[in-house]
Amino acid sequence: MVRAGPGCHTRRIDAAQTHPSRDASRWAAATLAAVLVGVVFLLAWVTGGHRFPDSGDGSPAWLEPLVTMIAYGVAGALLIDRRPDLPFGWMLAGAAVLVVVQMLILPPSYEAVVHGDRSAAARWGLAVSAFGFAPIAAQGLINIRFPSGRPASRWGGLLEKVLVTTTALVLLAGMLSSSSLRDVAGGAPGVSHPLTAATAVGRVADGLLVLAPVVVLLGLVAGVGVVVRFARARGVARQQLKWRAVGVMAALASFPLAVTGRLPGGSNVVDALVFVLTLVVPVLRYRLWSIDTILRRSLAYGVITAALVIAFAAVSAAAAQVVSRQVAAPVAAVAVALCFVPLRDRSQRVVDRLFYGGRQDPYRTLRDLGQRLNAMSGREALGSFADAIATILRLPYVAIESADGSPVASHGVAAEPLVRRPLTYEGQVEGFLLVSPRRGEDDLDDRDRDLLSDIAGQLGMALHTRTLTDELLRSRQRLVTAREEERRRLRRELHDGLGPVLTAIGLTLDAARARIDTDPVAARHHVDGAKEAAGQALSDLRKVVHGLRPAALDDLGLVGALRSQADRLTAGSHLRCTIDAGDLPDLPAAVEVAAYRTAVEAITNVVRHSNGQHCRVRLSASARELVLDVGDDGTSAGPWLPGVGVTAMRERAAELGGRCHAGPGPDGGAVTAHFPLPEPS
């Protein structure tokens, strides 16, 4: 099921949904055979010089039934053969067969009556003229059931019941009414209904003929329902309803002319062809052509027509006050002609903006979005940007997601299908832009996609900026947290370790001073204890200082400190460690400490977990970064699990804006860390 709108359900019409049955093919062939008989008889009758009832609009009277039989019959047979599960083909075929019956009976009966035959058979033959009303009723019923084959809502079902009832009454009245027979006979004298003449039934039948315009109006209401369902529908149903909506709009546009009797001759022929075309194409090939342009231009030219009519009337009335009416009409015509082109362009822009928002002027749209983006800051900027895209382009849902799928900003309620556009910056995907097509559309067209691609360029840079800002804030928070944790550690070590030792030294010295005169041996013993405690305090202080920055870095430099630590770590093992470093520049203290601790952690992992014989450490520096490579010739069974050591190495590199990769390499385990260096001043 495809939901076409609130309270309106439609089934998907797909040419492959139902396989044609053998019985359906027989009915289709029978319909074509009946149409062929009717067409051959009608052409033979016309070419034979026989008389035919007057059409009343100046066109050949036989043309409308001929086109109706062919159009309705062929289309009905085709739909019965291809889609017997839908009622449209059966309705068209039924209407065509009734017209065939009408053409086989009415012309001979009409000619007989005109030549003075007043027999019951001739007059009953005139009664079948009521069958010509069947195609009009079929149009209304098909509009009610299109495209699913059943009424789209409860109101549609009620409208169908009313339409069926009034149509049946009109057909019955046409067959039982004497006045309808006299109209068909062209006012021939002595024509009355053979069964109901001068009876109450005949008078009721004459009165029921007033329902014929009601049937036409109900058909127009059903057509308006098609337009409403088109506006609400999505997906395939919208593609099908789009065609029928065009046919309905054409019928609605010609209705005022039909009421005033200003339609040119043969208009009913065109109406039958348009109806059949806009029914068969969407049912069988619903994506054959796109007619969005027809809809928009129809609305635009409708606005133009109304405006020009009003302008013509106003200018004519104003000019008639100054000059004669003969002069006023040409003046008004010239004024209207001069206004046509600018009015057409203006109305087209208004209609396009009503349908698609700012898509018709992409440069203005990009400028407005850029101004909106620059006017806000932080997270509010992206939220405002999403709101602006939805508002300017008339999109019901716009959302921005980060690269990991977490939501950043959104506007509206998501509806399938969702169109997903990547947001890139310098070749890297920063996130995604998600939009839902406009209500009633199942996808975005090329112009929408092109404009969204341009918008995605701005949005990718904005999302990258936001990501950098968030990372900066998180980095600042980590720095503040690390600083406070380090202060807490120093306070704890000084208070719990060095503090008691210094207090003990003070107390010991006090005891020595108190006994220095009375018991020199005991005093000397206290002084020795104080000296030993001072040595312990100095050792604890060195540990605290080493926790801040390894002392070996200041004493030996980065390379010397690494060699010293590597020798201690590999002492007594089969592992041999070599360190290769070229001429390194003066490194910032933070980079030096991070590289040292990362290298020591990597060497420690080799000693503990590798079965290799050789560990190599390589340091290289460029103008932009220091690169540390630590590898071994051992074997690795698979990817390394990110334990405490690997996580610590990655965090140290990330804190400085660098990166670290640890895992198995082609020759063994490998750790590669990149530490950015500041630009030389």
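As a reminder, the structure under discussion sits directly above these lines.
Residues numbered from 1 in each chain as written. Predicted model: local features only at pLDDT ≥ 70, side-chain atom pairs only at ≥ 80, totals over all residues. Heavy atoms only, no water.

Here we look at unusual backbone geometry
What you tend to see is this: most non-glycine residues have negative phi, and most peptide bonds are trans.
And step 1. The phi torsion at Ala198 lies on the positive side, around 60°, for a residue other than glycine.
And step 2. Along the chain, the position of Ala198 falls in the loop between helix 7 (178-184) and helix 8 (200-208).
And step 3. Look at Ala198 and you get exposed, because its relative accessible area is 81%. (Helix = DSSP H or I, 4+ residues; strand = E, 2+ residues; numbered from the N terminus. Buried < 20%, exposed > 50% of the residue type's maximum accessible area, 1.4 Å probe, protein only.)

As for the environment of Thr31
And step 1. Considering the arrangement of structural elements, one finds Thr31 in helix 1 (residues 22-47).
And step 2. Once the C-alpha coordinates of Thr31 and Ala77 are considered, the two residues, 46 residues apart in sequence, prove to be 6.1 Å apart.

Quick notes on the environment of Asp528
And step 1. Position of Asp528 relative to the elements: it lies in helix 17 (residues 520-548).
And step 2. With a relative accessible area of 46%, Asp528 lands in the partly exposed category.

A look at the sheet that holds strand 5 (residues 419-425)
And step 1. Strands sit in the order 4-3-6-5 across an open sheet of four strands; the sheet is antiparallel. The open sheet is flanked by strand 4 (407-412) and strand 5, the only strands paired with a single partner. The mean angle between the axes of side-by-side strands here comes to 15°, regardless of whether they run parallel or antiparallel.
And step 2. Judged from the five bridges that link them, strand 3 (residues 397-402) and strand 4 form a sheet pairing that is antiparallel. Residue pairing across strands places Tyr397 opposite Gly412, the latter belonging to strand 4. (Pairing = 2+ DSSP bridges. Axes fitted to C-alpha atoms, helices over the stretch in contact; angles between N-to-C directions.)

Focus: the nonpolar core
For soluble globular proteins, nonpolar side chains are generally found buried alongside one another.
And step 1. In this structure, Met69, Tyr72, Leu92 and Leu279 are the most contacted members of the largest nonpolar core, which totals 48 residues.
And step 2. Secondary-structure elements contributing two or more residues to this core are helix 1, helix 2 (63-82), helix 3 (88-114), helix 5 (134-145), helix 6 (154-176), helix 9 (211-232), helix 10 (235-259) and helix 11 (267-284).
And step 3. For this core, the element with the most residues is helix 3, which contributes eight residues.
And step 4. Beyond its immediate sequence surroundings of up to four residues, Leu92 is in contact with Tyr72, Ala75, Gly76, Leu79, Ile142, Phe275 and Leu279.
And step 5. The next biggest cluster of nonpolar side chains, apart from the first, holds 36 residues, and it includes Val559, Val591, Cys615 and Ala673. (Core = buried A, V, L, I, M, F, W, Y, C linked by side-chain atoms within 4.5 Å. Contact = heavy atoms within 4.5 Å.)

Some thoughts on the sheet that holds strand 10 (residues 659-665)
And step 1. Read across the open sheet, the five strands follow the order 7-8-9-11-10; overall the sheet is mixed. Of all strands in the sheet, those bounded by a partner on one side alone are strand 7 (576-581) and strand 10. Across the sheet, the axes of successive neighbouring strands diverge by a mean angle of 10°, strand direction being ignored.
And step 2. By the bridge criterion, seven bridges tie strand 9 (residues 625-632) to strand 11 (residues 668-676) in an arrangement that is antiparallel. Within strand 11, the residue paired with Asp629 across the bridge is Thr672.
And step 3. Sitting on the sheet, helix 19 (residues 589-609) is in contact with strand 7, strand 8 (614-621), strand 9 and strand 11, with an inclination near 10° to strand 9.
And step 4. Contacts from helix 20 (residues 644-655) reach strand 10 and strand 11 within the one sheet, and its direction differs from that of strand 10 by about 145°.

Overview of helix 5
In an α-helix there are 3.6 residues to a turn, and that puts residues three or four apart on one side.
And step 1. Here helix 5 spans 17 Å end to end across twelve residues, near enough to the 16 Å set by a 1.5 Å rise per residue.
And step 2. Within helix 5, burial applies to Ala134, Pro135, Ala137, Ala138, Gln139, Gly140, Leu141, Ile142, Asn143 and Ile144. (Expected span 1.5 Å × (residues − 1).)

A word on the packing of aromatic side chains
And step 1. Tallied over the full model, the rule gives four aromatic pairs.
And step 2. Note on Trp27 and Trp90: the rings are 6.3 Å apart at their centroids and 70° apart in plane angle, and the pair reads as edge-to-face. Taken together, the positions of Trp27 in helix 1 and Trp90 in helix 3 put the pair 63 residues apart, joining distant regions of the chain.
And step 3. For the ring pair Phe88 and Phe146, a centre distance of 5.6 Å and an interplane angle of 45° mean the geometry is tilted. With a gap of 58 residues between them, Phe88 in helix 3 and Phe146 in the loop between helix 5 and helix 6 connect regions that are remote in the sequence.
And step 4. You can call Phe88 buried: its relative accessible area is 1%.
And step 5. Above the plane of the ring of Phe432 lies Arg420, whose end atom (NZ or CZ) is 4.1 Å from the centre. (Phe/Tyr/Trp six-rings, centres within 6.5 Å; stacked < 30°, edge-to-face > 60°. Lys NZ or Arg CZ within 6 Å of the ring centre and 35° of its normal.)

Regarding helix 3
And step 1. For helix 3, built from 27 residues, the straight-helix expectation of 39 Å at 1.5 Å per residue is met to within 8% by its first-to-last C-alpha distance of 38 Å.
And step 2. Directly beyond the C-terminal end of helix 3, a positive phi value near 100° is found at Gly116.

Observations concerning the pairing of strand 10
Across a regular strand the side chains alternate sides, sitting on one face of the sheet and then on the other.
And step 1. Direction of pairing for strand 10 relative to strand 11: antiparallel, over a ladder of seven bridges. Each bridged residue has a counterpart across the sheet, and for Pro664 the counterpart in strand 11 is Gly669.
And step 2. Between strand 10 and strand 11, which pair antiparallel and follow one another directly, the connecting turn spans two residues.

Considering the packing of helix 2 against helix 3
And step 1. In contact at an axis separation of 7 Å, helix 2 and helix 3 are set at 145° when each is read in the N-to-C sense. Helix-helix and strand crossings are classified by hand; for helix 2 and helix 3 the assignment is left-handed. Note on element contacts: helix 3 touches helix 2 through Phe88, Gly89, Trp90, Leu92, Ala93, Ala95, Ala96, Val99, Val100 and Met103, opposite Pro65, Thr68, Met69, Tyr72, Gly73, Ala75, Gly76, Leu79 and Ile80.
And step 2. In terms of residue class, the contact of helix 2 with helix 3 is built from 15 nonpolar, four polar and no charged. (Left-handed = near helix turned anticlockwise from the far one by under 90°. Nonpolar A, V, L, I, M, F, W, Y, C, P; charged D, E, K, R; others polar.)

Considerations on the packing of helix 3 against helix 5
And step 1. Packing of helix 3 against helix 5 brings their axes to within 9 Å, and their N-to-C directions diverge by 175°. By the angle class used here, helix 3 and helix 5 are roughly antiparallel. Note on element contacts: helix 5 touches helix 3 through Ala134, Pro135, Ala138, Leu141, Ile142 and Arg145, opposite Phe88, Met91, Leu92, Ala95, Leu98 and Val99.
And step 2. The residue inventory of the contact of helix 3 with helix 5, partitioned by class, reads eleven nonpolar, no polar and one charged. (Parallel < 35°, antiparallel > 145°, perpendicular 65-115°, else oblique.)

That's the geometry; what it means functionally is another story.
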